[in-house]
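# Observations on chain architecture
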Amino acid sequence: MVYASSPDPSGGRPPAGVPRTGPAVPPDRRGAAPRTSVKIVVAGGFGVGKTTLVESISQIPPVNTEAWMTQAAKTIDPLAEADGKTTTTVAMDFGRVTLSSDLVLYLFGTPGQPRFWPMWDDLCRGASGAVVLVDTRRLEVSFAAVNYFENDSDVPFIVAVNLFDGRQTHALPQVREALRLQPGVPLVTCDARDRGSVVQTLTTTLGHTLDTTAGRGTGRLAAR
Ligand SMILES: Nc1nc2c(ncn2[C@@H]2O[C@H](COP(=O)(O)OP(=O)(O)O)[C@@H](O)[C@H]2O)c(=O)[nH]1
Ligand SMILES: [Mg+2]
């Protein structure tokens, strides 16, 4: 399933009798390959690095709805290990990145707190793939996200361990076991603050979507 609309099937020509009023294709895109737009969801528990990941890579000022955490919020959204966190995403993050001349990714970060879980069906609608971020110091905060993509969604997903402070505290097979991940779900490490690492993670996500949907005829990244 592809997120954005296909190129104009008329090839930019006006219907018969309608005068051409301007170019349908921007001058810098004339003769270029059609662009594929893909929606990727970034999920995971509170404080695992979703907003950071979207901010590291977005080529537009990322849209987010961060709010300063108040003293009162600390009792609602406790964050023992990630204590430096001073803001919280109250709805979602949004960013856009052009990965190549013909591929644009739209990133949607889910809010991590349980009270926002009912929004996930809406956020995931039309998504080609998802990344569930985990923090191995607080693996349990991402259980719900893994569970959602394993059981309640047909969006192909990968799991990425965000290496806080560059330290990998648990081997990946241990993380896979603790999350009860199906063997087919890719598990990688990443640094949500590092653009190259995020590109790698998103590329793995797209690759997994292609692998998962190959042979179904209507791949989520079908050529357009
Ligand atoms: N050291 C380190 N800190 C990170 C990393 N990713 C996120 N953080 C910090 O962890 C906190 C939570 O990250 P945030 O992106 O807000 O988490 P979200 O709730 O999942 O959106 C913030 O203070 C970030 O600056 C990382 O890879 N390494
Ligand atoms: Mg956030």
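Figured I'd write up the structure that's included with this text. Remember, it's a predicted structure, so these values are computed and weren't measured experimentally.

## Remarks on the packing of helix H1 (residues 50-57) against helix H6 (residues 195-213)
Two numbers describe how H1 lies on H6: the axes approach to 9 Å, and their chain directions differ by 105°. With respect to H6, the axis of H1 lies roughly perpendicular. Note on element contacts: H6 touches H1 through Arg195, Val198 and Val199, opposite Leu53, Ser56 and Ile57. For the contact of H1 with H6, the per-class residue count stands at 4 nonpolar, 1 polar and 1 charged.

## Focus: the pairing of strand E5 (residues 129-134)
Of all 6 residues in E5, 6 are buried, a share of seventy percent or more. Going residue by residue along E5, you find Gly129, Val131 and Leu133 tucked away on one face and Ala130, Val132 and Val134 tucked away on the opposite face as well. Bridge analysis of strand E1 (residues 36-44) against E5 gives 5 bridges, and the strand direction is parallel. Bridge pairing in E5 links Val42 to Val131. In this region the chain leaves E5, passes through helix H4 (residues 143-151) and returns to the parallel neighbour strand E6 (residues 157-162); the handedness of that crossover is right-handed.

## Description of the pairing of E1
Taken across its 9 residues, E1 has 8 buried, putting it largely inside the fold. With 7 bridges connecting them, E1 and strand E4 (residues 103-109) associate as parallel partners. Its bridge partner being in E4, Thr36 is matched across the sheet by Leu103.

## Notes on the environment of Arg96
For Arg96, the position within the fold is in strand E3 (residues 87-100). When the 16 C-beta atoms within 10 Å are taken as the criterion, Arg96 is described as partly exposed. Spatially, the C-alpha atom of Arg96 lies 5.9 Å from that of Gln59, the residues being 37 residues apart in sequence. Residues contacting Arg96, with those up to four places away along its chain left out, are Ser58, Gln59, Ile60, Val104 and Tyr106.

## Topic: H6
With 19 residues, H6 should cover 27 Å at 1.5 Å per step; its first-to-last C-alpha distance of 27 Å lies within 8% of that length. Along H6, the residues classified as buried are Ser197, Val198, Thr201, Leu202, Thr205, Leu206 and Thr209. The elements touched by buried residues of H6 are E1, H1, E4, E5, E6 and strand E7 (187-190).

What counts, and where the lines are drawn
- Counting starts from 1 at the beginning of each chain's written sequence and moves along it residue by residue.
- Chains carry letters and ligands carry numbers; both start at the beginning, A for chains and 1 for ligands, and go up in the order they are written.
- The model is predicted, so local features are restricted to residues of pLDDT at least 70 and side-chain atom pairs to those at 80 or more, both for listing and for counting; the totals for chains, interfaces and linings are taken over all residues.
- Axes here mean lines fitted to C-alpha atoms, for a helix over just the part in contact, with angles spanning 0 to 180 degrees between N-to-C directions.
- Each helix is a run of H or I in the DSSP string that is no shorter than four residues. Each strand is a run of E no shorter than two, and both are numbered from the N terminus.
- To sort the angles, those under 35 degrees are grouped as roughly parallel, those over 145 as roughly antiparallel, those from 65 to 115 as roughly perpendicular, and the leftovers as oblique.
- Note that contacts rest on C-beta atoms placed from the backbone: two residues are in contact if these are within 7 Å.
- Three residue categories are used. Nonpolar comprises Ala, Val, Leu, Ile, Met, Phe, Trp, Tyr, Cys and Pro, charged comprises Asp, Glu, Lys and Arg, and polar comprises the others, including Gly.
- Backbone-placed C-beta atoms define the burial measure: a residue is buried with 20 or more other C-beta atoms within 10 Å of its own, exposed with 12 or fewer, and partly exposed in between.
- Here, strands pair whenever DSSP counts at least two bridges between them.
- Looking down the strands as they point away from the viewer, one classifies a crossover as right-handed if the path from the first strand across the helix to the second runs clockwise.
- By definition here, a helix of n residues has an expected span of 1.5 Å times n minus one.

That is the geometry; function is a separate question.
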